[in-house]
Amino acid sequence: RKEVEQDPGPFNVPEGATVAFNCTYSNSASQSFFWYRQDCRKEPKLLMSVYSSGNEDGRFTAQLNRASQYISLLIRDSKLSDSATYLCVVIPPSGGYNKLIFGAGTRLAVHP
Amino acid sequence: NAGVTQTPKFQVLKTGQSMTLQCAQDMNHNSMYWYRQDPGMGLRLIYYSASEGTTDKGEVPNGYNVSRLNKREFSLRLESAAPSQTSVYFCASMPGGQPQHFGDGTRLSIL
């Protein structure tokens, strides 16, 4: 089993739709979690951290479910500019920030 | 991308050739990293440097060497390129306790 798994998609949604991605992780003792965004042929950029209590940033909501070992990203009112690949990132128990584990990403395509 | 600069952006090599990928950051970060990204896979750590003068292996170090020349610069060297090293390479730097900042990548093809 991969340490971090994501549905590769693509998720094709119309503008204005709500879409959610999940990411599962294998090590129950993992410490910290993030979502990164990567545009086509560009570098990954931090989208948001994922806190135990859940957190929201505008149209984006991230949640952590430790019991089921997954994190989620919800995007409301999708925009064309949200089209990108969303990478789930996990810090393992012994790794710290030097040992980030990246998922392969979920591709989102928002169409008019 | 603000702060992390990679050169070159594109390169084509023949099998067996050598080359060095350059990375520099101007954010005074201690930690720097080299990753490779292949289709269908997450970014995989090749080497990292927690501070000037130190380097450590990551998940996929075979076939690569690194040099932390000073606090700003962290280079990645392929001594004898192989087709399996065709990939997109990202350099990153990180302030203490914060997520990483990435350069905009080097697309490397080995024929």
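For the structure given in this document, a descriptive report is provided here. No experiment lies behind these values; they were computed from the predicted model shown.

The subject of this paragraph is the state of the cysteines. A full pass over the atoms with the stated rule returns two disulfides over all chains. The disulfide that involves A:C23 links it to A:C88, with 1.9 Å between the sulfurs. The sign of the -65° torsion about the S-S bond sets the A:C23-A:C88 disulfide as left-handed. In this pair, A:C23 is assigned in strand β3 (residues 19-25) and A:C88 in strand β9 (residues 84-91), connecting sequence segments 65 residues apart. Across the pair, exposure class does not vary: A:C23 and A:C88 are buried alike. Across the disulfide from B:C23 sits B:C91; the S-S distance is 1.9 Å. Torsion about the S-S bond of the B:C23 and B:C91 cystine: about -75°, corresponding to left-handed handedness. With a gap of 68 residues between them, B:C23 in strand β3 (residues 19-25) and B:C91 in strand β9 (residues 87-94) connect regions that are remote in the sequence. Accessibility assignment for this pair places B:C23 and B:C91 in one class, buried.

What follows concerns the packing of aromatic side chains. The relation between two aromatic rings is expressed through the spacing of the ring centres and the mutual angle of the planes. A full pass over the atoms with the stated rule returns twelve aromatic pairs over all chains. With a centroid separation of 5.5 Å and 80° between ring planes, the pair formed by A:F102 and B:Y35 is classed as edge-to-face. In this pair, A:F102 is assigned in strand β10 (residues 101-102) and B:Y35 in strand β4 (residues 31-37), connecting two distinct chains. Ring plane angle 80° and centroid distance 6.1 Å describe the contact between A:F102 and B:F102, whose orientation is recorded as edge-to-face. Of this pair, A:F102 sits in strand β10 while B:F102 sits in strand β10 (residues 101-102), placing the two residues on different chains. You can call B:F102 buried: its relative accessible area is 2%. Within the aromatic cluster, the residues linked to one another by ring pairs are A:Y36, A:F102, B:Y33, B:Y35, B:Y48, B:F90 and B:F102.

With that settled, the discussion passes to empty space enclosed by the protein. Residue and element names in this part refer to chain A. Tallied over the full model, the rule gives one cavity of 30 Å³ or more. In terms of lining, the largest cavity is formed by E3, V4, Y25, S26, N27, S30, V90, P92, P93 and I101. Looking at the lining of the largest cavity residue by residue, the class counts come to six nonpolar, three polar and one charged.

Quick look at the interface of chain B and chain A now. Each partner contributes to the interface: chain B provides 23 residues, whereas chain A provides 18 residues. For the pair chain B and chain A, the two sides together bury roughly 1,600 Å², of which 57% comes from carbon and sulfur. For the pair chain B and chain A, the number of links is zero salt bridges. Where chain B packs against chain A, one counts two residue pairs in polar contact (both at pLDDT 80 or more). The set of elements that each furnish at least two residues to the side of chain B that touches chain A consists of β4, β5 (44-49) and β9 of chain B. A per-element tally of the side of chain B that touches chain A places β4(B) first, with four residues. Looking at side-chain class alone, the side of chain B that touches chain A contains twelve nonpolar, nine polar and two charged residues.

Before going further, it helps to spend a moment on the pairing of strand β11 (residues 106-110) of chain B. Successive residues of a regular strand alternate their side chains across the two faces of the sheet. Residues and elements named next belong to chain B. Alternating residues of β11 divide into T106, L108 and I110, all buried, and R107 and S109, none buried. Of the pairings in the sheet, the one linking strand β2 (residues 10-13) to β11 comprises four bridges and is parallel in character. When the sheet's bridge partners are listed, F10 is paired in β11 with R107.

With that settled, the discussion passes to the environment of A:P112. Residue and element names in this part refer to chain A. Structurally, the position occupied by P112 is in the segment after β11 (106-111). Among the residues examined, P112 registers a relative accessible area of 79% and is labelled exposed. When the C-alpha positions of P112 and E15 are compared, they lie 5.5 Å apart, and in sequence the two are 97 residues distant. Excluding anything up to four places from it in sequence, P112 contacts E15 and L80.

Scanning all chains against the criterion turns up nine salt bridges over all chains. In this structure, A:E43 engages A:K45 in a salt bridge whose closest nitrogen and oxygen atoms are separated by 3.9 Å. Taking relative accessible area as the criterion, A:E43 reaches 6% and is therefore assigned buried. A salt bridge links A:D77 to A:K79, with the nearest nitrogen and oxygen atoms 2.9 Å apart. Salt bridges here are not isolated pairs; linked through shared partners, they connect B:R36, B:D38 and B:R44.

Calculation notes
- Residues numbered from 1 in each chain as written.
- Chains lettered and ligands numbered in written order.
- Predicted model: local features only at pLDDT ≥ 70, side-chain atom pairs only at ≥ 80, totals over all residues.
- Heavy atoms only, no water.
- Disulfide = S-S within 2.5 Å.
- Helix = DSSP H or I, 4+ residues; strand = E, 2+ residues; numbered from the N terminus.
- Buried < 20%, exposed > 50% of the residue type's maximum accessible area, 1.4 Å probe, protein only.
- Phe/Tyr/Trp six-rings, centres within 6.5 Å; stacked < 30°, edge-to-face > 60°.
- 1 Å grid on protein atoms, 1.4 Å probe; cavity = no way out; pocket = protein on both sides within 12 Å on 5 of 7 lines; lining within 4 Å.
- Points joined across faces, edges and corners; volume = space filled by probe spheres on them.
- Nonpolar A, V, L, I, M, F, W, Y, C, P; charged D, E, K, R; others polar.
- Contact = heavy atoms within 4.5 Å.
- Buried area = accessible area lost by both parts, 1.4 Å probe.
- Salt bridge = Lys/Arg side-chain N within 4 Å of Asp/Glu carboxyl O.
- Polar contact = N/O pair within 3.5 Å; in protein donor to acceptor, adjacent residues only side chain to side chain.
- Pairing = 2+ DSSP bridges.

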